[in-house]
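# Structure at a glance
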Amino acid sequence: MTAVVVMLLIVTLATFAIFFMIPKLTGTDPALLFVGKQADPAAIEGIREKMGLSDPVLVQFWKFVEGLVAGRDYANGVDVTHCPAPCFGYSFRNEQEVWPVLTSRLPVTLSLAAGACLLWVIGGVAAGVVSALKRGSVWDRSAMSVALAGVSLPIYFTGLVSLAIFSYALDLINVDYEPLTQNPGKWFESLILPWITLAFLYAAMYARLTRATMLEILGEDYIRTARAKGLGEGVVIGKHAMRSTMTPILTILGLDLGALLGGAVLTETTFNLPGLGQGAVRAISDKDLPIILGVTLIAAFFIVIANLVVDLLYAVIDPRVRLS
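Conventions and cut-offs
- Residues numbered from 1 in each chain as written.
- Predicted model: local features only at pLDDT ≥ 70, side-chain atom pairs only at ≥ 80, totals over all residues.
- Heavy atoms only, no water.
- Pairing = 2+ DSSP bridges.
- Helix = DSSP H or I, 4+ residues; strand = E, 2+ residues; numbered from the N terminus.
- Phe/Tyr/Trp six-rings, centres within 6.5 Å; stacked < 30°, edge-to-face > 60°.
- Buried < 20%, exposed > 50% of the residue type's maximum accessible area, 1.4 Å probe, protein only.
- Disulfide = S-S within 2.5 Å.
- Contact = heavy atoms within 4.5 Å.
- Axes fitted to C-alpha atoms, helices over the stretch in contact; angles between N-to-C directions.
- Left-handed = near helix turned anticlockwise from the far one by under 90°.
- Nonpolar A, V, L, I, M, F, W, Y, C, P; charged D, E, K, R; others polar.
- Salt bridge = Lys/Arg side-chain N within 4 Å of Asp/Glu carboxyl O.
- Polar contact = N/O pair within 3.5 Å; in protein donor to acceptor, adjacent residues only side chain to side chain.
- pLDDT = per-residue confidence, 0-100.

### Some details on the pairing of strand 1 (residues 72-76)
Across five bridges, strand 1 lies against strand 2 (residues 79-83) in antiparallel orientation. Within strand 2, the residue paired with Arg72 across the bridge is Cys83. With antiparallel pairing between neighbouring strands as the criterion, strand 1 and strand 2 make up a hairpin whose turn holds two residues, including Gly77 at a positive phi of roughly 70°.

Okay, here's the thing in structure tokens:
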């Protein structure tokens with residue numbers, strides 16, 4: 001856990017330095033990114049004072065970290081803007097605190113990532129296992145051909161095709177997002193196509209990885225020993241082979257799921273889902289540094305936590321990890 005905290009602090013420092021030092025190194029005044037190039041010098045100086053942009057970088061970083069824990073006041077004389085904890089910054093371009101903006105978009109990204117993850121893990125792993133057990137069969141060739149197509153086709157292509165067919169041409173699915181708390185039925189309907197589109201890409205990768213790993217494990221000595229002892233094929237595959245197969249699957253699952261929780265940019269943009277990914281794209285377009293910084297830190301947090309969970313699950317899945 002200490003390593004996780006240290007890693008998050010390092011990521012926060014690196015991200016903060018990128019967003020607030022590189023503009024200075026390239027000759028760009030960060031204050032201009034907050035108020036716009038057409039602002040008068042007094043407004044620029046005021047925002048520089050209020051944001052503390054004249055302070056040394058380490059002082060700015062300390063104030064940022066302190067704001068995460070205890071909140072922060074952005075002050076310029078009598079003009080004070082309070083940002084309560086956890087304060088991820090304040091967007092002076094939109095007159096909004098960053099944290100409420102992130103939390104308002106996070107449920108959309110969580111819904112998208114969770115549903116798609118469930119589909120691609122079940123579909124991809126199952127297809128890979130069956131292909132490995134029926135190596136060289138029609139199923140194997142067909143499944144791997146579909147997997148190759150899934151890996152090759154970008155999300156914005158499959159997403160637009162699914163929208164054109166099922167939403168516009170056939171008018172079967174309404175993709176206008178509504179929150180789960182307001183209308184569960186429409187929430188589910190609006191996420192069907194994004195789930196399938198996102199899961200199609202990842203399931204293809206997981207199917208190919210599962211097949212390759214399973215074929216390698218089926219040739220191991222302990223599998224032959226299990227069969228020689230008279231164990232049923234279901235026990236050999238389900239209890240012994242699948243445990244070892246799931247180790248690399250868990251590794252990439254932690255990375256993929258952590259990255260998605262930080263915002264599935266292409267999927268959210270294609271289907272106009274108001275999640276973190278779409279918010280990041282708009283913030284980049286508006287040059288809204290605090291929002292971009294907040295999304296980046298949230299993404300890093302989820303990736304680090306996902307990898308921690310994966311490390312803990314290794315001991316559950318693979319007994320060799322517990323013994324070591």
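Having seen the structure, we can now continue with the description.
### As for the packing of aromatic side chains
Following the criterion strictly, the structure yields nine aromatic pairs and no others. For the pair Phe16 and Phe61, a centre-to-centre distance of 5.8 Å together with 65° between the ring planes defines the contact as edge-to-face. Of this pair, Phe16 sits in helix 1 (residues 2-25) while Phe61 sits in helix 4 (residues 57-70), and the two are 45 residues apart along the sequence. Note on Trp120 and Tyr206: the rings are 5.9 Å apart at their centroids and 50° apart in plane angle, and the pair reads as tilted. Residue Trp120 is found in helix 5 (residues 98-133), and its partner Tyr206 is found in helix 8 (residues 184-218); the two are separated by 86 residues along the sequence. Classification of Trp120 by relative accessible area gives buried; the value is 0%. A residue is classified by how much of its surface remains accessible, and Tyr206, at 0% relative accessible area, is buried. Each residue in the set Phe16, Phe61 and Phe64 is aromatic and connected to the rest through ring pairs, giving one cluster.

### Remarks on the state of the cysteines
This model, assessed by the stated rule, comprises one disulfide. Between the sulfur atoms of Cys83 and its disulfide partner Cys87 the distance amounts to 2.2 Å. Measuring handedness by torsion sign, the sulfur bridge of Cys83 and Cys87 sits at about 110° and is right-handed. The exposure classification of Cys83 matches that of Cys87, with both residues buried.

### Looking at helix 3 (residues 41-51)
Turning to helix 3, its buried residues are Ile44, Gly46, Ile47, Arg48, Lys50 and Met51. With its phi angle positive at about 70°, Gly52 sits one or two positions after the end of helix 3.

### A few points about helix 12 (residues 276-286)
Structurally, the α-helix is built with 3.6 residues per turn, so residues lying three or four positions apart point the same way. Taken residue by residue, helix 12 has Leu276, Gly277, Gln278, Gly279, Ala280 and Ala283 as its buried positions. Along its buried surface, helix 12 packs onto helix 5, helix 10 (233-261), helix 11 (265-270) and helix 13 (289-317). Where helix 12 terminates, the next one or two residues include Lys287, which has phi positive at roughly 55°.

### So, the packing of helix 7 (residues 155-169) against helix 8
The interhelical angle for the contact between helix 7 and helix 8, taken along N-to-C directions, is 145°, at an axis separation of 10 Å. Judged by the twist between their axes, the crossing of helix 7 over helix 8 is right-handed. Within the contact between the two elements, helix 7 uses Ile155, Thr158, Gly159, Ser162, Leu163 and Phe166 and helix 8 uses Leu193, Thr197, Leu198, Phe200 and Leu201. In the contact of helix 7 with helix 8, the residues fall into seven nonpolar, four polar and no charged.

### Some points on the pattern of salt bridges
Here the structure, examined in full by the defined rule, presents five salt bridges. Notably, a salt bridge pairs Arg211 with Asp140, separated by 2.8 Å at the nearest N-O pair. Placement of the pair is Arg211 in helix 8 and Asp140 in helix 6 (residues 138-152), with a sequence separation of 71 residues. The same class applies to Arg211 and to Asp140, which are both buried.

### Notes on unusual backbone geometry
With omega at -5°, the peptide bond leading from Ala85 into Pro86 counts as cis. Mapped onto the elements, Pro86 comes out in the loop between strand 2 and strand 3 (90-91). We note that Asp171 has phi near 55°; this positive angle belongs to a residue other than glycine. Residue position: Asp171 is located in the loop between helix 7 and helix 8. We classify Asp171 as exposed; its relative accessible area is 61%.

### Points about the side chain of Lys50
Following the sequence through the fold, Lys50 ends up in helix 3. Taking relative accessible area as the criterion, Lys50 reaches 10% and is therefore assigned buried. Among the polar contacts listed, one links the side chain of Lys50 to the side chain of Thr81, at a separation of 2.8 Å. Filtering out sequence-adjacent residues up to four positions away, Lys50 remains in contact with Tyr74, Ala75, Asn76, Asp79, Thr81 and Phe92.

### Comments concerning the confidence of the model for the protein chain
Per-residue pLDDT for the protein chain averages 84, and the proportion of residues at 70 or more is 95%. Within the protein chain, helix 5 carries the highest mean pLDDT (92), whereas helix 14 (residues 319-323) carries the lowest (58).

### Quick notes on the packing of helix 8 against helix 10
Close contact between helix 8 and helix 10 brings their axes to 10 Å; oriented N to C, the two are set at 145°. The two elements helix 8 and helix 10 meet at a crossing, and its hand is right-handed. Contact residues: helix 8 offers Leu198, Tyr202, Tyr206, Leu209, Thr210, Thr213, Met214, Ile217 and Leu218, while helix 10 offers Ile237, Ala241, Met242, Ser244, Thr245, Pro248, Ile249, Ile252, Leu253, Asp256 and Leu260. Class assignment for the residues of the contact of helix 8 with helix 10 results in 15 nonpolar, four polar and one charged.

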